[in-house]
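# Observations on chain architecture
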Amino acid sequence: MRSITVAVSAATCILCGLAGSVRAADPHPNGLVGTTFPADFPRIVDASLGVPVIGFGGSQGRVEHVPVIFLHGNNDTPFATSCNPFGYIHNLAQFFLDAGYSPRELWGLGYQGDQCDLVTSPTNRSGFAHSTVANVPDLRAFVAAVLKYTGSKRVDIVAHSLGVTLTREWMRQDHAFHRVRALVAIDGPNHGIIDCSPSPLNYFQQPGFGGFTPDSAICREYGSDHTPLLTALNQGREARGPTRYLVLRNTDVDFVYISAQDGFFPAVPAEDRDGKPHDFSDSALLKGAATRDFTGQGAFGPSLQTAHIRVLNSPAAWTAALHFLRSLREDDEGEQED
């Protein structure tokens, strides 16, 4: 596995020359990524919420690249909503549109709704409707719809945080690795999260911080590196072919994996859901996957200043994802599955 460390700051980051002069004159020469689906795109009902999924996609342009599906993480949305100011995955999709992808090649799925329920019920952040098992049916239906709508045989997926393991679990359940040419896994909880310990110092257990108690649905999935979900997901080869993989992760601070102050969030103990000391700092890694390590990502975004959230809004991360997918042939099958 090859690991490269990239240290960036707001003052020093450069967009690596991708359409640089054009972007300076017109930042969005190919238009804007929308916040709806085409009128003739299938209506998909969220399996756990009972309402239509939200997201974006286009009907314009040709399909000359492998279509890309963008997946947000837990407690996020595919674009900013009235109840969620983030939705940075939308900015990443815009970067791809600016770089030459067509609207018909770029798709985003919101598999947890608009997050407005969190205003009155903040513990939903760790509840069943936000769990991996609850959202696999949504991703399954969405991938099938995108493949049919675009006439493609495969998709690429660029996912952040929970979106990474959601993708991996869907591929595992459906043995669908042949449907995904490549997965860009941005800071995913592949080996658990730090926010589920029973320690009184773990303030994420408090209802106002999401209710991440050891027995909450999210913590039953991610509270240790050996939960039933992660045991099944990581058994054998983690980066299973023929899908190709690129991991992008924070290595200095990250409130989901590292016991250190990360912007707004103070450190919590490095313990698992059983109260045992555990180092989750390498959780985002996947054995057998190429890896890019980042520092200083808290600089990219207007809120919270957390590296875990803001890496998704980082031009360096955007460029790494785009270059990786561009490096693959359209018919690239990668290594065969074990």
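Summarised in this report is the structure supplied together with it. Only a predicted model underlies this, so the values are computations on that prediction, with no experimental measurement involved. Each chain carries its own residue numbering, running from 1 in the direction its sequence is written. Whole-chain, interface and lining totals are the exception, using all residues; otherwise, since this is a predicted model, local features are given only for residues with pLDDT of at least 70 and side-chain atom pairs are given and counted only at 80 or more. Note that water and hydrogens are dropped before the side-chain values are worked out from all heavy atoms of the structure.

## Focus: the overall build of the chain
Test applied: Runs of E in the DSSP output that reach at least two residues are strands. Runs of H or I that reach at least four are helices, and both are numbered from the N terminus. Working definition: with a 1.4 Å probe on protein chains only, accessible area under 20% of the residue-type maximum means buried, over 50% means exposed, and in between means partly exposed. Here, two residues are considered to be in contact whenever any of their heavy atoms come within 4.5 Å of each other.
In terms of helices and strands, the chain carries 8 helices and 8 strands. Residue burial in the chain is summarised as follows: out of 338 residues, 56% are buried. Of the contacts formed within the chain by residues at least 6 apart in sequence, a portion of 77% connects residues at least 24 apart.

## Thoughts on the state of the cysteines
Applied cut-off: In this description, the term disulfide denotes a pair of cysteine sulfurs within 2.5 Å.
A complete count under the given rule lists 2 disulfides for this structure. Here Cys83 is linked by a disulfide to Cys116, with a sulfur-sulfur distance of 2.1 Å. Every disulfide takes its handedness from the sign of the S-S torsion; for Cys83 and Cys116 that torsion is 95°, giving right-handed. Pair noted here: Cys83 is in the loop between strand S3 (68-71) and helix H2 (89-98) and Cys116 is in the loop between strand S4 (106-110) and helix H3 (132-150), with a separation of 33 residues, a long-range link. We classify Cys83 as partly exposed; its relative accessible area is 30%. Across a sulfur-sulfur distance of 2.0 Å, Cys196 and Cys219 are joined as a disulfide pair. Looking along the S-S bond of the Cys196-Cys219 disulfide, the torsion reads about -80°, which is the left-handed sense. Remark: Cys219 occurs in helix H5 (residues 217-222) and Cys196 occurs in the loop between strand S6 (180-186) and H5; sequence separation between them is 23 residues. Each bonded cysteine of the chain gets a number by its place in the sequence, and the pairs then read 1-2, 3-4.

## Some thoughts on the nonpolar core
Filter applied, for reference: Put simply, buried Ala, Val, Leu, Ile, Met, Phe, Trp, Tyr and Cys residues joined by side-chain atoms within 4.5 Å make one nonpolar core.
If you look at the biggest cluster of nonpolar residues, it comprises 88 residues, and the most contacted ones within it are Phe70 and Phe96. Leave out the neighbours within four places in its chain, and Phe96 touches Val68, Phe70, Tyr101, Leu106, Trp318, Ala321, Leu322 and Leu325.

## Overview of helix H4 (residues 162-174)
Threshold: Expected span, for any helix, means 1.5 Å times one less than how many residues it has.
Look at H4: 18 Å from first C-alpha to last across 13 residues, which is about the 18 Å you get at 1.5 Å a residue. Restricting attention to buried positions, one finds in H4 the residues Leu162, Gly163, Val164, Thr165, Leu166, Thr167, Arg168, Glu169, Trp170 and Met171.

## Let's talk about the packing of H3 against H4
Put simply, the rule reads: Axis lines are fitted through C-alpha atoms, for helices just across the contact stretch, and the angle between N-to-C directions can take any value from 0 to 180 degrees. Orientation labels follow simple angle bins: below 35 degrees gives roughly parallel, above 145 gives roughly antiparallel, 65 to 115 gives roughly perpendicular, and whatever is left gives oblique. Residue polarity follows a fixed list, in which Ala, Val, Leu, Ile, Met, Phe, Trp, Tyr, Cys and Pro are nonpolar, Asp, Glu, Lys and Arg are charged, and the others, Gly among them, are polar.
As a packed pair, H3 and H4 sit with axes 9 Å apart at the nearest point and diverge in direction by 75°. With respect to H4, the element H3 is oriented roughly perpendicular. Contact residues: Thr132, Asn135, Val136, Leu139, Arg140 and Val143 in H3; Leu162, Thr165, Leu166, Thr167, Glu169, Trp170, Gln173 and Asp174 in H4. Residue composition of the contact of H3 with H4, by class: 6 nonpolar, 5 polar and 3 charged.

## Some thoughts on the environment of Ala284
Locating Ala284 in the fold gives a position in the loop between strand S7 (244-250) and strand S8 (290-295). Measuring from C-alpha to C-alpha, the distance between Ala284 and Gly188 comes to 4.8 Å, with 96 residues separating the pair along the chain. When neighbours within four sequence positions are excluded, Ala284 is seen to be in contact with Asp187, Gly188, Asn190, Val247 and Arg249.

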